[in-house]
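For reference, the chains in residue letters:
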Amino acid sequence: MTRVRVTAPRSAARPAAESREAAEESAVGQVFVRSLIRSQLRLALVVGGGFLLVLGAFPLLAAIPGLAESRIAGIPLDWLLLGAGIYPVMGVSAWLYIRSAARNEARYRDLAGDR
């Protein structure tokens, strides 16, 4: 049996610090950098706020009549939702943030001319 090593291709991308310094040399570059920072901050606030809203809504599940009496493997369903239901919400929030942050940075690179 032959072993094959699979690796990602090497990229010739410039480091982010050099890219940012090059963009900040002009007035237009400064506008692009400020725009990137604002968009990343807005994204962080929206995803964080949405996560906190969902997290705050989880205790309201206890107010649903009959939920405490329902059991799965001897564990009350409301406790199961509170204990294990938050992890998928955290995962989806993180995935959305990473995907959107990468898209914001790709747009910045396109505007700044760093391909």
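Because the structure is a prediction, the values reported are computed rather than measured.

Q: Account for the confidence of the model for the chain, with residues named and values stated.
A: When the pLDDT values of the chain are averaged, the result is 81; 86% of them are 70 or greater. Per-residue pLDDT, averaged within each element of the chain, yields its smallest value for helix α1 (residues 16-23) (58) and its largest for helix α4 (residues 86-112) (90).

Q: Could you give an account of α4, with specific residues and numbers?
A: Given a rise of 1.5 Å per residue, 27 residues ought to cover 39 Å, and the 39 Å separating the end C-alpha atoms of α4 matches this to within 8%. Among all positions in α4, only Ile86, Ser93, Ser100, Ala101, Asn104 and Tyr108 are buried.

Q: Tell me about a nonpolar patch on the surface, and name the residues and values.
A: On the surface, Ile72, Ile75, Trp79 and Leu80 cluster together into a nonpolar patch covering about 390 Å² of accessible area. Relative to the helices and strands, Trp79 is located in helix α3 (residues 77-84).

Q: Can you break down the packing of helix α2 (residues 27-57) against α4 residue by residue, with the values?
A: Their axes nearest at 10 Å, the elements α2 and α4 cross at an angle of 170°. By the criterion of interaxial angle, the relationship of α2 to α4 is roughly antiparallel. Contacts between α2 and α4 involve Phe32, Val33, Leu36, Ser39, Gln40, Leu43, Ala44, Val47, Phe51, Val54 and Leu55 on the former and, on the latter, Ile86, Val89, Met90, Ser93, Tyr97, Ser100, Ala101, Asn104, Glu105, Tyr108, Leu111 and Ala112. Split into classes, the residues belonging to the contact of α2 with α4 amount to 17 nonpolar, five polar and one charged.

Q: Account for the environment of Gly66, naming residues and giving values.
A: Mapped onto the fold, Gly66 is located in the loop between α2 and β1 (71-72). Judged by its relative accessible area of 38%, Gly66 is partly exposed. Considered as a pair, Gly66 and Leu77 are eleven residues apart in the sequence and their alpha carbons are 9.6 Å apart.

Q: Which residues make up the side chain of Ser100, and what values go with them?
A: When you line up the elements, Ser100 lands in helix α4. With a relative accessible area of 14%, Ser100 lands in the buried category. Within polar-contact distance, the side chain of Ser100 engages the backbone oxygen of Leu96 at 3.0 Å.

Each value, and the rule that gives it
- Each chain carries its own residue numbering, running from 1 in the direction its sequence is written.
- Selection of residues for local features in this predicted model requires a pLDDT of at least 70, selection of side-chain atom pairs for listing and counting requires 80 or more, and totals for whole chains, interfaces and linings are taken over all residues.
- To obtain the side-chain values, all non-hydrogen atoms of the structure were included, while hydrogens and water were left out.
- Residue-level confidence of the predictor, termed pLDDT, takes values from 0 up to 100.
- Helix and strand definitions here come from DSSP, where helices need a minimum of 4 consecutive H or I residues and strands a minimum of 2 consecutive E residues; each element is numbered from the N-terminal end.
- For a helix, the expected span equals 1.5 Å multiplied by the number of residues minus one.
- To sort residues, take the accessible area from a 1.4 Å probe on protein chains only and compare it with the maximum for the residue type: under 20% means buried, over 50% means exposed, and anything in between is partly exposed.
- Each patch is built from residues lacking any salt bridge and having more than 30% relative accessible area; the joining distance is 9 Å for like charges and 5 Å for nonpolar side chains (Val, Leu, Ile, Met, Phe, Trp, Tyr).
- Accessible surface is estimated by sampling points in the Shrake-Rupley manner with a 1.4 Å probe; for residues, cover comes only from the protein chains shown.
- We define a salt bridge as a contact between a side-chain nitrogen of Lys or Arg and a carboxyl oxygen of Asp or Glu at a distance within 4 Å.
- Axis definition: a line fitted to C-alpha atoms, over the contacting stretch in the case of helices. Angles run 0 to 180 degrees between N-to-C directions.
- We call two directions roughly parallel when the angle between them is under 35 degrees, roughly antiparallel when it is over 145, roughly perpendicular when it lies between 65 and 115, and oblique otherwise.
- Any two residues whose heavy atoms approach within 4.5 Å at even a single point are treated as in contact.
- Residue classes follow a fixed rule: Ala, Val, Leu, Ile, Met, Phe, Trp, Tyr, Cys and Pro count as nonpolar, while Asp, Glu, Lys and Arg count as charged, and any other residue, Gly among them, counts as polar.
- Any N or O atom pair separated by 3.5 Å or less is treated as a polar contact, with the protein-specific requirement of one donor-capable and one acceptor-capable atom, and with residues adjacent in sequence counted only for side-chain atom pairs.

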